[in-house]
There are 4 protein chains.
Amino acid sequence: MKTLGQFLQTGDWKGEKHVPVIHAPEKVKAGEGFDLKVSIGDEIKHPNTLEHHISWFKVFFHPENAKFPVEIGDFKFTAHGEGEVLDEPVALTNVKLNKSGTIYAVSYCNIHGLWENSKEIVVE
Amino acid sequence: MKTLGQFLQTGDWKGEKHVPVIHAPEKVKAGEGFDLKVSIGDEIKHPNTLEHHISWFKVFFHPENAKFPVEIGDFKFTAHGEGEVLDEPVALTNVKLNKSGTIYAVSYCNIHGLWENSKEIVVE
Amino acid sequence: MKTLGQFLQTGDWKGEKHVPVIHAPEKVKAGEGFDLKVSIGDEIKHPNTLEHHISWFKVFFHPENAKFPVEIGDFKFTAHGEGEVLDEPVALTNVKLNKSGTIYAVSYCNIHGLWENSKEIVVE
Amino acid sequence: MKTLGQFLQTGDWKGEKHVPVIHAPEKVKAGEGFDLKVSIGDEIKHPNTLEHHISWFKVFFHPENAKFPVEIGDFKFTAHGEGEVLDEPVALTNVKLNKSGTIYAVSYCNIHGLWENSKEIVVE
Ligand SMILES: [Fe+3]
Ligand SMILES: [Fe+3]
Ligand SMILES: [Fe+3]
Ligand SMILES: [Fe+3]
């Protein structure tokens, strides 16, 4: 059976401009909102043109010991020069957790496919 | 001809918890990135449950004197308690403009429909 | 107050290639699934290139006498030549209604903005 | 390194109601549009309620010997009983290919997470 999982590329965001970087605290309080920010290649900028751009992020949370991940958000960057407007691949939202677990971020480049990263968060 | 535009509700966000609030500078420099944040009812909190929640924001830009608006981004909040995760209706991204114009934000509540707000931005 | 509704363009789909065409029965039975198809400019083809394409449809339903519309679906066409793949702006899904009302379809062209159409459906 | 790929579940759609079923021809002509339909559990119906439903499909194409997959479309089912409207998890669109390769469909259940399926298509 072929799986799309084989195409989920990753790497060190310091050297690879496609890897989503997850900005969030390492510890949070149960049920207390915290800012979750996802950006791309914080050290090496990815192109942002109509021909070649980061199209979206999806963010999931996998609660420790749970069987399934839960989708947190879906963020699309849709202006790539039309009308002289550019949207940069940066997304921040506010999240509340009740259990410790792992955040996963997936990004999609229209030329270089799917990329992912993860970050563990402890709920105190 | 019926138009969906008739359902685009608005109001003062200080009194109406569904109106998207657009946080952005009033003046920006051409081609220089600025943070554009959209939130909901900054003074009166909207419910965030599976039965009743803000589902998404869309953000558009209408360049002064242009005929058409350009979509900047599309932000979906997908966790409403599943797996004890909540995503709050807050979205921030980074935008570059070359011309003055108007930002429009649209929000959707699964019970109370479509809401909008706008904010003019001058490009210096 | 400026409204995005002013940019919801429409027209006769026989002469205007941006207008979404809603294909659905005029009468349906309560709670019985029917195919709802949305296409673009059935008589005049719209371009489908990276530089100029129909990016998405959104579909809403407004139940007769209700105060608010309900979003039915959101359909994005994301391949515009990358990897030699093209997705045409056609979307079909299956819908169940319990009350008569009006379907609204909105389409977005990355160059020519927002377009809409509507169709009444009677539930027997 | 943890990967979201570990959560991409699959199975035989005849016995598993979450697996997306890809309906497409096994052979198509280069550059000629064909209908691509994705549905869920064609033999065993999945629940469609606000508390438990299939939320979206994403569809990708991996051209033979290419390094990266290309996203074809993103289809969200947003009505789960609000306003007495239901959208069933069925999506059809129209696709053109120039090379043989593999279609991947991913579905997301708000309770049971991510599921996938794939189908090879030969371009003659
Ligand atoms: Fe790239
Ligand atoms: Fe509400
Ligand atoms: Fe156009
Ligand atoms: Fe399920």
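Per an unreviewed UniProt entry, the recorded name for chain A is Superoxide reductase, and the organism is Maledivibacter halophilus. Looking at chain A in UniProt, the text filed under Sequence similarities (unreviewed entry) is "Belongs to the desulfoferrodoxin family."

Student: Which parts of the structure should I look at to understand the coordination of the iron ion (ligand 1)?
Tutor: Between any two of four tetrahedral donors, the ideal angle at the metal is 109.5 degrees; between two of six octahedral donors, it is 90 or 180 degrees. Residues and elements named next belong to chain A. Protein coordination at the iron ion (ligand 1): the donors are His-18 (NE2), His-46 (NE2), His-52 (NE2), Cys-109 (SG) and His-112 (ND1), at 2.1 to 2.4 Å from the metal. Between consecutive donor residues of the iron ion (ligand 1), the sequence gaps follow H-x27-H-x5-H-x56-C-x2-H. We note that His-46, like His-52, is buried.

Student: Sorry if this is basic, but what is going on with the relation of the copies chain B and chain A here?
Tutor: For the pair chain B and chain A, the superposition axis carries a translation of 0.0 Å, the fit reaches an RMSD of 0.0 Å, and the rotation angle comes to 180 degrees. Within this description, the copies of the chain are treated as partners about a two-fold rotation axis. Both copies share a contact surface, since 100% of the interface residues of chain B are interface residues in chain A too.

Student: Hey, could you run me through the sheet that holds strand β4 (residues 54-63) of chain D in this one?
Tutor: Sheet strands pair by backbone hydrogen bonding; their relative direction is either parallel or antiparallel. Strand order across the open sheet formed by ten strands is β2(C)-β8(C)-β7(C)-β4(C)-β5(C)-β5(D)-β4(D)-β7(D)-β8(D)-β2(D), with mixed pairing between neighbours. Among the strands making up the open sheet, the edge pair consists of β2 (27-28) of chain C together with β2 (27-28) of chain D. As paired strands, β4 of chain D and strand β5 (residues 70-77) of chain D are joined by six bridges and run antiparallel to one another. By the bridge assignment, Phe-60 of chain D is partnered in β5 of chain D with Glu-71 of chain D.

Student: Explain the relation of the copies chain C and chain A here, please?
Tutor: One copy of the chain maps onto the other through a rotation about an axis followed by a shift along the same axis. Rotating chain C by 180 degrees about the axis while translating it 0.0 Å along that axis superimposes it on chain A, leaving an RMSD of 0.0 Å. A shared interface surface links the copies, since 100% of the contact residues of chain C are contact residues in chain A too.

Student: Just to check I follow, could you spell out the interface of chain B and chain A for this structure?
Tutor: How big an interface is tends to be reported as the loss of accessible area on association of its parts. Of the residues lining the interface, 30 residues belong to chain B; the matching set on chain A comes to 30 residues. Across the chain B to chain A interface the summed buried area is about 2600 Å²; carbon plus sulfur atoms make up 52%. Applying the counting rule to chain B against chain A returns four salt bridges. Taking the shortest distance from any N to any O, the salt bridge between Lys-99 of chain A and Glu-84 of chain B comes out at 3.6 Å. The interface formed by chain B and chain A holds 27 residue pairs in polar contact (both at pLDDT 80 or more) in total. Within the residue set of the side of chain B that touches chain A, elements represented by two or more residues are β4 (54-63), β5 (70-77) and β6 (85-97) of chain B.

Student: What is the right way to read the sheet that holds strand β1 (residues 20-23) of chain D from this model?
Tutor: Ordered by their spatial adjacency, six strands build an open sheet running β1(C)-β3(C)-β6(C)-β6(D)-β3(D)-β1(D), and the pairing between neighbours is antiparallel. The outermost strands of the open sheet, each flanked by one partner alone, are β1 (20-23) of chain C together with β1 of chain D. Adjacent strand axes in the sheet meet at a mean angle of 25 degrees when their direction is disregarded.

Student: I keep staring at the interface of chain C and chain A and nothing clicks. Help me out?
Tutor: Counting from both sides, the interface comprises six residues of chain C and, opposite them, six residues of chain A. Approximately 590 Å² of surface area, both sides summed, lies buried where chain C meets chain A, with 64% of it carried by carbon and sulfur atoms. Taken together, the connections running from chain C to chain A amount to zero salt bridges. Applying the counting criterion to the chain C and chain A interface returns two residue pairs in polar contact (both at pLDDT 80 or more).

Student: Can you help me understand the packing of aromatic side chains in this one?
Tutor: Counting across every chain of the model gives 18 aromatic pairs over all chains. Aromatic pair Tyr-104 of chain A and Phe-7 of chain D: ring centres 5.9 Å apart, planes at 85 degrees, arrangement edge-to-face. Placement of the pair is Tyr-104 of chain A in strand β7 (residues 101-109) and Phe-7 of chain D in the segment before β1, with the two residues belonging to separate chains. Under the relative-accessibility criterion, Tyr-104 of chain A is labelled buried at 1%. When the ring of Trp-56 of chain B is compared with that of Tyr-108 of chain B, the centres are 5.6 Å apart and the planes differ by 20 degrees; the resulting orientation is stacked. Linking Trp-56 of chain B in strand β4 with Tyr-108 of chain B in strand β7 (residues 101-109), this pair joins segments that are 52 residues apart in sequence. The two residues Trp-56 of chain B and Tyr-108 of chain B agree in class, both being buried. One aromatic cluster is present, formed by Trp-56 and Tyr-108 of chain A together with Phe-60 of chain D through successive ring pairs. We note Lys-58 of chain A situated over the ring of Trp-56 of chain D; from NZ or CZ to the ring centre the distance is 3.9 Å.

Student: Hey, could you run me through the coordination of the iron ion (ligand 4) in this one?
Tutor: All names here are of chain D. Taken together, His-18 (NE2), His-46 (NE2), His-52 (NE2), Cys-109 (SG) and His-112 (ND1) make up the protein donors of the iron ion (ligand 4), found 2.1 to 2.4 Å from the metal. Summarised as a motif, the one-chain spacing of the donors to the iron ion (ligand 4) is H-x27-H-x5-H-x56-C-x2-H. With His-52 in the loop between β3 (34-40) and β4 and His-112 in the loop between β7 (101-109) and β8 (113-123), this residue pair connects regions lying 60 residues apart in the sequence.

About the criteria used
- Residues numbered from 1 in each chain as written.
- Chains lettered and ligands numbered in written order.
- Predicted model: local features only at pLDDT ≥ 70, side-chain atom pairs only at ≥ 80, totals over all residues.
- Heavy atoms only, no water.
- UniProt positions renumbered as here; feature names shortened; annotations may be inferred.
- Donors = N, O, S within 2.8 Å, 3.2 Å for Na, K, Ca; no water.
- Buried < 20%, exposed > 50% of the residue type's maximum accessible area, 1.4 Å probe, protein only.
- Least-squares fit on C-alpha atoms with pLDDT ≥ 70 in both.
- Contact = heavy atoms within 4.5 Å.
- Pairing = 2+ DSSP bridges.
- Helix = DSSP H or I, 4+ residues; strand = E, 2+ residues; numbered from the N terminus.
- Buried area = accessible area lost by both parts, 1.4 Å probe.
- Salt bridge = Lys/Arg side-chain N within 4 Å of Asp/Glu carboxyl O.
- Polar contact = N/O pair within 3.5 Å; in protein donor to acceptor, adjacent residues only side chain to side chain.
- Axes fitted to C-alpha atoms, helices over the stretch in contact; angles between N-to-C directions.
- Phe/Tyr/Trp six-rings, centres within 6.5 Å; stacked < 30°, edge-to-face > 60°.
- Lys NZ or Arg CZ within 6 Å of the ring centre and 35° of its normal.

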